[in-house]
Amino acid sequence: DTEVTQTPKHLVMGMTNKKSLKCEQHMGHRAMYWYKQKAKKPPELMFVYSYEKLSINESVPSRFSPECPNSSLLNLHLHALQPEDSALYLCASSQTKPGPRTYNEQFFGPGTRLTVL
Amino acid sequence: GQQVMQIPQYQHVQEGEDFTTYCNSSTTLSNIQWYKQRPGGHPVFLIQLVKSGEVKKQKRLTFQFGEAKKNSSLHITATQTTDVGTYFCAGRPSGTYKYIFGTGTRLKVLA
């Protein structure tokens, strides 16, 4: 199984709502990532988890709250978002996180297309 | 900050023509990866380059990593309609543990 799954595929939420995005992989990967991608732009790294611990937070606003309950699951909790947060949210995984002699490809999920009204 | 730029931003080619996208980093890279994202899809890993001056081929695709490890290129020979999509390089600056995606090149192939 070389697949990363994400739910939901589409999400529309108001600025006062609380919602969560979910990501799952069963490849035994120990690094998981959240990226944000605006239309016609490259993916921008938000968070990196390594062995279920937060390794990198790219100064993401606190209205985005990641969680890694176990090695297969990654959540992104959303609260009080702004319309400019509308984007495609991509989850990815790799065998391990990048290191001095570690070069692992990232497997991306299909993404959740989020619209904030 | 660290930046990875790609040129051109867009490229339209006739089917059968060749295509090249160039990736340039403001800093030296440990390694570079290339991804393809089809319209409406997600990035899919193509290849990884680690060594200075490395060249790798995958059928009609040729990837190069510059001698100074600050630039890379992807060349497609005899494009097909299935090559349509956006090609991203993703470089890992030396001493860091994250990849920075390039700005991308969107390729359209006219039949």
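Refer to the preceding data block for the structure.
Residues numbered from 1 in each chain as written. Chains lettered and ligands numbered in written order. Predicted model: local features only at pLDDT ≥ 70, side-chain atom pairs only at ≥ 80, totals over all residues. Heavy atoms only, no water.

A.B. asks: Please explain the overall build of chain A as it appears in this structure.
C.D. replies: Per the secondary structure count, chain A includes 0 helices and 11 strands. Counted from the first residue to the last, chain A has its helices and strands arranged as β-β-β-β-β-β-β-β-β-β-β. The C-alpha atoms of chain A give a radius of gyration of 14 Å, which matches the 13 Å a tight globule of 117 residues would have. Burial analysis of chain A (117 residues in total) assigns 46% to the buried set. In chain A, 56% of the contacts between residues at least 6 apart in sequence involve partners at least 24 apart. Entry remark: accessible area of chain A is about 5,800 Å², with carbon and sulfur atoms responsible for 49%. (Helix = DSSP H or I, 4+ residues; strand = E, 2+ residues; numbered from the N terminus. Rg over C-alpha atoms; globule rule 2.2 N^0.38 Å. Buried < 20%, exposed > 50% of the residue type's maximum accessible area, 1.4 Å probe, protein only. Contact = heavy atoms within 4.5 Å. Areas by Shrake-Rupley, 256 points an atom, 1.4 Å probe, with all protein chains shown as cover.)

A.B. asks: Just to check I follow, could you spell out empty space enclosed by the protein for this structure?
C.D. replies: If a probe as big as a water molecule is rolled over the atoms, it shows which places are left empty. All names here are of chain A. Under the counting rule described, the total for this entry stands at 1 cavity of 30 Å³ or more. The calculated volume of the largest cavity comes to roughly 30 Å³. In terms of lining residues, the largest cavity is bounded by H29, R30, A31, M32, Y49, Y51, E52, C68 and S71. Looking at the lining of the largest cavity residue by residue, the class counts come to 5 nonpolar, 2 polar and 2 charged. (1 Å grid on protein atoms, 1.4 Å probe; cavity = no way out; pocket = protein on both sides within 12 Å on 5 of 7 lines; lining within 4 Å. Points joined across faces, edges and corners; volume = space filled by probe spheres on them. Nonpolar A, V, L, I, M, F, W, Y, C, P; charged D, E, K, R; others polar.)

A.B. asks: Can you walk me through the nonpolar core in this structure?
C.D. replies: Side chains of nonpolar character tend, in soluble globular proteins, to be buried together. Counting residues in each nonpolar core, the largest one holds 23 residues, and the members touching the most others are A:W34, A:F64, A:L76 and A:L78. Contributions of two or more residues to this core are made by strand 2 (10–13), strand 3 (18–25), strand 4 (31–37), strand 5 (44–50), strand 7 (64–70), strand 8 (73–79), strand 9 (87–94) and strand 11 (112–116) of chain A. With residues up to four places along the chain from it excluded, the contact list for A:F64 reads A:M46, A:F47, A:L76, A:H77, A:L78, A:L81, A:D85 and A:Y89. The next biggest cluster of nonpolar side chains, apart from the first, holds 20 residues, and it includes B:V4, B:F19, B:I76 and B:C89. (Core = buried A, V, L, I, M, F, W, Y, C linked by side-chain atoms within 4.5 Å.)

A.B. asks: What is the right way to look at the layout of surface pockets in this model?
C.D. replies: In this structure, the largest pocket occupies an estimated 610 Å³ of space. What lines the largest pocket is a set of 30 residues, among which A:A39, A:K40, A:K41, B:T86 and B:R106 lie closest to the centre. At the level of secondary structure, the elements contributing two or more residues to the lining of the largest pocket comprise strand 9 and strand 11 of chain A together with strand 9 (85–93) and strand 11 (105–110) of chain B. Here the lining of the largest pocket takes 4 residues from strand 11 of chain B, the largest share from any one element. Tallied by class, the residues present in the lining of the largest pocket amount to 10 nonpolar, 13 polar and 7 charged. Space inside the second largest pocket adds up to approximately 450 Å³.

A.B. asks: Which parts of the structure should I look at to understand the sheet that holds strand 7 of chain A?
C.D. replies: Residues and elements named next belong to chain A. Here we have 4 strands laid out as an open sheet, ordered 1-3-8-7, and antiparallel in their pairing. Each edge of the open sheet is held by one strand with a lone partner, namely strand 1 (4–7) and strand 7. Going from strand to strand, the sheet's axes swing by 20 degrees on average, the running direction of each strand aside. Two strands pair when backbone bridges link them, and strand 3 and strand 8 are joined in this way by 7 bridges, in the antiparallel orientation. Bridging across to strand 8, K19 finds its partner in L78. (Pairing = 2+ DSSP bridges. Axes fitted to C-alpha atoms, helices over the stretch in contact; angles between N-to-C directions.)

A.B. asks: What's the story with the state of the cysteines in this structure? I'm lost.
C.D. replies: In protein chemistry, a disulfide is the covalent bond that joins the sulfur atoms of two cysteines. One pass over the full model with this rule turns up 2 disulfides over all chains. A sulfur-sulfur separation of 1.9 Å characterises the disulfide bridge that pairs A:C23 with A:C91. Negative torsions about the S-S bond denote left-handed disulfides, and the value of about -70 degrees found for A:C23 with A:C91 makes this one left-handed. Taken together, the residues A:C23 in strand 3 and A:C91 in strand 9 connect sequence positions 68 residues apart. In this structure A:C23 comes out as buried when scored by relative accessible area, which is 1%. Here A:C91 falls in the buried class, since its relative accessible area comes to 0%. Here B:C23 pairs with B:C89 through a disulfide, and the sulfurs are 2.0 Å apart. Where B:C23 bonds to B:C89 through sulfur, the torsion about that S-S bond is close to 80 degrees, and the disulfide is right-handed. One end of the pair, B:C23, is in strand 3 (residues 19–25); the other, B:C89, is in strand 9, and 66 residues separate them in sequence. When sorted by exposure, B:C23 lands in the same class as B:C89, which is buried. Looking at the unpaired A:C68, the closest cysteine sulfur is the one in A:C23, lying at 9.1 Å. (Disulfide = S-S within 2.5 Å.)

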